[in-house]
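Results of the structural survey
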Amino acid sequence: MVRESWASRVGFILAAVGSAVGLGNVWRFPWMTAKYGGSAFLVVYLCIVLLVGVPGLLAEFVIGRRSKRNPAGALARLAPGTKSWGFVGLFGVVTALVLLSFYSVVGGWIVRYFLASFTGSYFAAPGEYFGTISFGWEAAAFQVAFLALTALVVLGGVRGGIEKATKVMMPLIILLLAVLAGWAITQPDAGSGLSFFLDFNPEPIRNDPIGLLQAAAGQALFTLSLGVGTMITYASYLGEDNSLPFDGSVIAVLNTAVGVLAGLVVFPLLFAFQGGLTDASAGGGPGALFVSVAGAFTQVPYGEVVAVGFFAAILFAALSSSISMLEIPVAYLVDEHGVSRRTATLSLAGVILVTGTVCALTPDLFTFVADTLVNLMLTAGLAGFLVFAGWVLGSDALAEFDTGAGGLASSLGVPWLWSVRTVLPLFLLVTLAVNLYSLL
Ligand code: PHE
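Residues numbered from 1 in each chain as written. Predicted model: local features only at pLDDT ≥ 70, side-chain atom pairs only at ≥ 80, totals over all residues. Heavy atoms only, no water.

Core analysis: the largest hydrophobic core is formed by 156 residues, its most contacted members being Phe102, Tyr122 and Phe297. Here Phe102 is in contact with Trp27, Phe222, Cys359, Phe366, Val369, Ala370 and Val374, once residues within four sequence places are set aside. (Core = buried A, V, L, I, M, F, W, Y, C linked by side-chain atoms within 4.5 Å. Buried < 20%, exposed > 50% of the residue type's maximum accessible area, 1.4 Å probe, protein only. Contact = heavy atoms within 4.5 Å.)

Dropping the structure here:
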């Protein structure tokens, strides 16, 4: 059977941006920014995206396009004779399943908030509402609904499902967020939210430099969908004429822009209607920002309309990411075991239905997976991919980097290769060690 591929370059870019733009931008990014003192976090995070994220993205692209395989198949095929690299790829496939187990629970919350926004049913008591819906059997049911939407898109295939859906969803997300940001920054007292977000305050860097660095690194990997093999899988459906450095930069810039746009919606709302950052929104658990933002909607005229728009944007963002998670194991079963896309998608959805339900019923496990475990797995995974691209592929990686890249972009190839070989894996391994140390 002929392997699937993207219909167009724009289709690939939008699908990859769709994967990157997700709950990481609208939910985790403002939450982390608030926790680490606003703009200081933003600056460190931007540096890591540029210096680690973009080269990491390119390493995954190179592996994917060179091999035209899922992560496990890619590493096994490009390093014939050694079995162990295949396991590194397989680790990515497993990480995707772990990620989707918690992500679909949050996806379920969003489906619920989206529907509830039409009638404003959480408007009377936003905090209590979140408490009752976030974990338990109802949460599990909504998690299954979100998973079903995800599976529906993946069933349609690369062109007919993922590419088509992301081509519609991405422009809608940007449009909705831009309109909302325009509205939010003109609210009274929005200015103090904006200055918290955008003014530079070096104090958090001095107070807890390691914590901030760790959080910023974790966030940079998570938001660019790195370390799982998403970008390997998406690039495996590419032709040779794309410039990988160009496409990678576009994806990183768009992803960051959407993150900042989401911040422009969230922070003015918090300051205009919640009187700043409450304890809950600054340091609290995963639901804190949900509660605060939903709470702000209850206080504005036509709050239901604004809320529907906001949760629609988040729902599209979450879906375009969850489909990229499910596509990894689906591609693995299709490529390596000759299973049909249909069988692969349905059976994997069945597995995540179970693991996701366990997450929806066990708040402690959910938090451990969403925060600690995911950070560790992504960091370890990306370190593995970088070492592979730098040392096993080596000059082949450089050749792939250059294919389709213009003169300017290909002059970056050699510095890229050396950073992928040395500084970047070192940085990730140190981050991993610090993470593990603080865990123990
Ligand atoms: N980048 C996605 C987000 O920000 C999350 C994600 C991580 C998606 C890893 C795929 C793989 O929400």
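Turning to its location among the elements, Asn70 is positioned in the loop between α3 (39-67) and α4 (71-78). Residue classification places Asn70 among the buried residues on the basis of a relative accessible area of 0%. In terms of polar contacts, Asn70 uses its side chain to reach the side chain of Glu336, at 2.9 Å. Among residues more than four places away in sequence, those in contact with Asn70 are Arg3, Ile232, Ile328, Ala331, Tyr332, Asp335 and Glu336. (Helix = DSSP H or I, 4+ residues; strand = E, 2+ residues; numbered from the N terminus. Polar contact = N/O pair within 3.5 Å; in protein donor to acceptor, adjacent residues only side chain to side chain.)

Another point: the site of the ligand. Surveying the vicinity of the ligand reveals 16 residues, the closest of which are Ala20, Leu23, Gly24, Tyr103 and Phe222. Between the ligand and the protein, one listed contact pairs an oxygen atom with a backbone N or O atom of Leu23 at 3.0 Å. Alone, the ligand offers 330 Å² of accessible surface; in the complex the protein occludes 100% of this. When its residues are assigned to classes, the shell around the ligand shows seven nonpolar, nine polar and no charged. (Near = heavy atom within 4 Å. Areas by Shrake-Rupley, 256 points an atom, 1.4 Å probe, with all protein chains shown as cover. Nonpolar A, V, L, I, M, F, W, Y, C, P; charged D, E, K, R; others polar.)

A few words on the pattern of salt bridges. The full count for this structure, using the stated rule, is 11 salt bridges. A salt bridge links Glu240 to Arg65, with the nearest nitrogen and oxygen atoms 3.7 Å apart. Placement of Glu240 in the loop between α12 (230-235) and α13 (244-273) and of Arg65 in helix α3 is noted, with a sequence separation of 175 residues between them. Ionic contacts of the salt-bridge type, sharing partners, join the residues Arg65, Arg66, Lys68, Glu240, Asp396 and Glu400 into one network. (Salt bridge = Lys/Arg side-chain N within 4 Å of Asp/Glu carboxyl O.)

Attention now moves to the packing of aromatic side chains. The final tally for this structure, using the stated rule, is 27 aromatic pairs. Ring centres of Phe29 and Tyr45 lie 5.1 Å apart, and the angle between their planes is 45°; on these two criteria the pair is classed as tilted. Of this pair, Phe29 sits in helix α2 (residues 23-35) while Tyr45 sits in helix α3, and the two are 16 residues apart along the sequence. For the pair Phe29 and Tyr45, a shared accessibility class is recorded, and that class is buried. When the centroid spacing of 5.9 Å and the interplanar angle of 75° are considered together, the rings of Phe102 and Phe366 count as edge-to-face. Here Phe102, found in helix α5 (residues 84-119), pairs with Phe366, found in helix α18 (residues 363-393); they are 264 residues apart in sequence, far enough to count as distant. Both residues of the pair, Phe102 and Phe366, belong to the buried class. Among the aromatic residues, ring-to-ring pairing joins Phe102, Tyr103, Trp109, Phe130, Phe135, Phe222 and Phe366 into one connected group. For the cation-ring pair, Arg421 lies above Trp391, with the distance from its terminal atom to the ring centre recorded as 4.7 Å. Over the face of the ring belonging to Trp418 we find Arg421, whose NZ or CZ atom lies 4.7 Å from the ring centre. (Phe/Tyr/Trp six-rings, centres within 6.5 Å; stacked < 30°, edge-to-face > 60°. Lys NZ or Arg CZ within 6 Å of the ring centre and 35° of its normal.)

Moving on to a nonpolar patch on the surface. Nonpolar side chains collect at one region of the surface, where Val144, Leu353, Val354, Val358, Leu365, Phe368, Leu436, Leu439 and Leu440 lie side by side and expose about 770 Å² of accessible area between them. Here the nonpolar patch takes three residues from helix α17 (residues 341-361), the largest share from any one element. Counting through the fold element by element, Leu440 comes out in the segment after α22 (423-439). (Patch = residues over 30% accessible without salt bridge, like charges linked within 9 Å, V, L, I, M, F, W, Y side chains within 5 Å.)

If you check the backbone angles, Lys68 has positive phi at about 50° while not being a glycine. Locating Lys68 in the fold gives a position in the loop between α3 and α4. Lys68 sits in the partly exposed class, given a relative accessible area of 26%. Of note in this structure, Tyr302 is not a glycine but carries a positive phi near 55°. Residue placement: Tyr302 occurs in the loop between α15 (288-297) and α16 (303-337).

Moving on: the environment of Tyr237. Note on placement: Tyr237 falls in the loop between α12 and α13. When its relative accessible area of 5% is taken as the criterion, Tyr237 is described as buried. Put simply, Tyr237 and Trp6 are 231 residues apart on the chain and 5.9 Å apart in space, counted from C-alpha to C-alpha. Only 2.6 Å separates the side chain of Tyr237 from the side chain of Glu327, close enough to count as a polar contact.

When we look at burial in helix α9 (residues 190-198), the residues that qualify are Ala190, Gly193 and Phe197. Looking straight down α9, one finds that the buried residues subtend no more than 60° of arc, so they occupy a single side. Among the structural elements, α2, α3, α8 (158-184) and α13 are those in contact with the buried residues of α9. (Arc of directions from axis to C-beta.)

On to the packing of α3 against helix α11 (residues 209-223), then. Interhelical geometry of α3 versus α11 gives an angle of 50° and a closest axis separation of 9 Å. The angle between the axes of α3 and α11 places the two elements in the oblique class. Considering only the axes of α3 and α11, their crossing is right-handed. Two secondary-structure elements touch here, α3 through Phe41, Val44, Tyr45, Ile48 and Val49 and α11 through Leu212, Leu213, Ala215, Ala216, Ala217, Gln219, Ala220 and Thr223. Of the residues in the contact of α3 with α11, the class split is 11 nonpolar, two polar and no charged. (Axes fitted to C-alpha atoms, helices over the stretch in contact; angles between N-to-C directions. Parallel < 35°, antiparallel > 145°, perpendicular 65-115°, else oblique. Left-handed = near helix turned anticlockwise from the far one by under 90°.)

Structural measurements only, silent on function.
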